[in-house]
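Residue-level listing of the chains:
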Amino acid sequence: SQKIEQNSEALNIQEGKTDTLTCNYTNYSPAYLEWYRQDPGRGPVFLLLIRENEKEKRKERLKVTFDTTLKQSLFHITASQPADSATYLCALDTGRRALTFGSGTRLQVQP
Amino acid sequence: IAGITQAPTSQILAAGRRMTLRCTQDMRHNAMYWYRQDLGLGLRLIHYSNTAGTTGKGEVPDGYSVSRANTDDFPLTLASAVPSQTSVYFCASSDKGSTGELFFGEGSRLTVL
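As a starting point, this report considers the structure included with it. Nothing here was measured: the structure is a model prediction, and the numbers come from that model.

Analysis parameters
The numbering scheme is per chain: residues are counted from 1 as the chain's sequence reads. Chains carry letters from A onward and ligands carry numbers from 1 onward, assigned in written order. Reporting of local features is limited, given that this is a predicted model, to residues whose pLDDT is at least 70; pairs of side-chain atoms are given and counted only at 80 or more, and all residues count toward the totals for whole chains, interfaces and linings. Computation of side-chain values: all heavy atoms of the structure, hydrogens and water removed. Here's how the labels work: a residue is buried when its accessible area is under 20% of the maximum for its type, exposed when over 50%, partly exposed in between, all with a 1.4 Å probe on protein chains only. Strands here mean DSSP runs of E at least two residues long; helices mean DSSP runs of H or I at least four residues long; both are numbered from the N terminus. The rule for pairing is simple: two strands pair if DSSP sees at least two bridges between them. By definition, a salt bridge exists where a carboxyl oxygen of Asp or Glu is found within 4 Å of a side-chain nitrogen of Lys or Arg. Working definition of a nonpolar core: buried Ala, Val, Leu, Ile, Met, Phe, Trp, Tyr and Cys residues. They are joined through side-chain atoms within 4.5 Å. The contact rule is simple, with two residues in contact once any of their heavy atoms fall within 4.5 Å. What gets called buried area is simply the loss in accessible area from a 1.4 Å probe that two parts show on being joined, summed for both. Between N or O atoms, a polar contact is any pair within 3.5 Å; within protein, one atom must be a potential hydrogen donor and the other a potential acceptor, and residues adjacent in sequence are included only when both atoms are from side chains. When residues are grouped by polarity, Ala, Val, Leu, Ile, Met, Phe, Trp, Tyr, Cys and Pro land in nonpolar, Asp, Glu, Lys and Arg in charged, and all others, Gly among them, in polar. By definition, disulfides here are pairs of cysteine sulfur atoms that lie within 2.5 Å.

This part takes up the pairing of strand 11 (residues 108–112) of chain B. In regular strands, side chains alternate between the two faces of the sheet. Residue and element names in this part refer to chain B. Only one face of strand 11 is buried: it carries Ser-108, Leu-110 and Val-112, and the other face, with Arg-109 and Thr-111, is open. Looking at chain direction, strand 2 (residues 10–13) and strand 11 are connected through four bridges and run parallel. Of the residues in strand 11, the one forming a bridge with Ser-10 is Arg-109. Bridging between strand 9 (residues 87–94) and strand 11 involves three bridges; their strand directions are antiparallel. Bridge pairing links Val-88 to Arg-109 in strand 11.

Listed below in structure tokens is the structure:
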């Protein structure tokens, strides 16, 4: 069956540290993958898109990698800040004319 | 400010009642979507529309209907609400000719008793 898996447990890190969130998928061959941020009670907000022919994409303190052989994307936040505390969702282009989302990983950055 | 507007923000509804969630966008995006978000299940696609006048079924369409009479509006209707439709509903839009980025509304929290 097709699945998108993200760390279901919340991650707690100290301010200033780098953390990595994982998105694994099975039985998909996405042309691209996206990451979104969602704050409590709010709609998701787009962060980054990475295509299947790109290994890495950066935006400010964020870095995303995409390994189509491992069927995995890693999402890195460097020099984390309490304001980075949120739920991070990965989403795949699954050829269904819309994105398919993982359930998200909640990140808590402690000051 | 351009974006997606959803209404109502929150609603409590008796089972069996009909309910329409409204969604309007002012970005002239051709594609629009309805997702529901439930704890532990993430966002699941209910219905989508790639352009005005066309709609399609997503992953969990049963019990829901949509229409796309024009570019800006994409209402979601629950013909006869059931408790399992208690959820947070998000409307989104995208410019299919662009990056594929989705723009989301702030959600409608629906409780069916």
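With that settled, the discussion passes to the pattern of salt bridges. One pass over the full model with this rule turns up nine salt bridges over all chains. Of the charged contacts, one joins A:Glu54 and A:Lys57 as a salt bridge, the two residues approaching to 3.7 Å between their closest N and O atoms. The exposure class of A:Glu54 is partly exposed, given its relative accessible area of 24%. On the accessibility criterion, A:Lys57 (25% relative accessible area) is partly exposed. Through salt bridges that share partners, B:Arg36, B:Asp38 and B:Arg44 make up one connected network.

Moving on, we get to the nonpolar core. Residues and elements named next belong to chain A. Judged by nonpolar contacts, the single largest core of 22 residues is most densely connected at Ile-4, Tyr-25, Leu-33, Trp-35, Phe-75 and Tyr-88. Where this core is concerned, the elements lending two or more residues are strand 3 (19–26), strand 4 (32–38), strand 5 (45–51), strand 7 (62–67), strand 8 (72–77), strand 9 (86–93) and strand 11 (105–110). Per-element accounting of this core gives the leading share, four residues, to strand 9. Sequence-distant contacts of Tyr-88, that is, excluding residues within four places in its chain, are made with Gln-6, Leu-21, Trp-35, Tyr-36, Arg-37, Leu-47, Phe-75, Ile-77, Gly-104, Thr-105 and Leu-107.

Our focus in this paragraph is the interface of chain B and chain A. Listed by partner, the interface residues are 19 residues for chain B and 19 residues for chain A. Surface buried jointly by chain B and chain A totals about 1,500 Å² across both partners, of which 52% is contributed by carbon and sulfur atoms. At the boundary of chain B and chain A, one finds one salt bridge. Its salt-bridge partner being B:Glu106, residue A:Arg42 comes within 2.6 Å of it at the nearest N-O pair. Linking chain B to chain A there are five residue pairs in polar contact (both at pLDDT 80 or more). Elements that contribute at least two residues to the side of chain B that touches chain A include exactly strand 4 (31–38) and strand 5 (42–49) of chain B. Top contributing element to the side of chain B that touches chain A by residue count: strand 5 of chain B, with four residues. Across the side of chain B that touches chain A, the residue classes break down as nine nonpolar, seven polar and three charged.

Next up on the list: the state of the cysteines. Counted according to the given criterion, the structure contains two disulfides over all chains. Each sulfur of the disulfide joining A:Cys23 and A:Cys90 lies 2.0 Å from the other. Every disulfide takes its handedness from the sign of the S-S torsion; for A:Cys23 and A:Cys90 that torsion is 60°, giving right-handed. Of this pair, A:Cys23 sits in strand 3 while A:Cys90 is found in strand 9, placing the two residues 67 residues apart along the sequence. Note on accessibility: A:Cys23 and A:Cys90 belong to one class, buried. Here B:Cys23 pairs with B:Cys91 through a disulfide, and the sulfurs are 1.9 Å apart. The disulfide joining B:Cys23 to B:Cys91 has a torsion of about -70° about its S-S bond and is therefore left-handed. Placement of the pair is B:Cys23 in strand 3 (residues 19–25) and B:Cys91 in strand 9, with a sequence separation of 68 residues. Like B:Cys91, B:Cys23 is buried.

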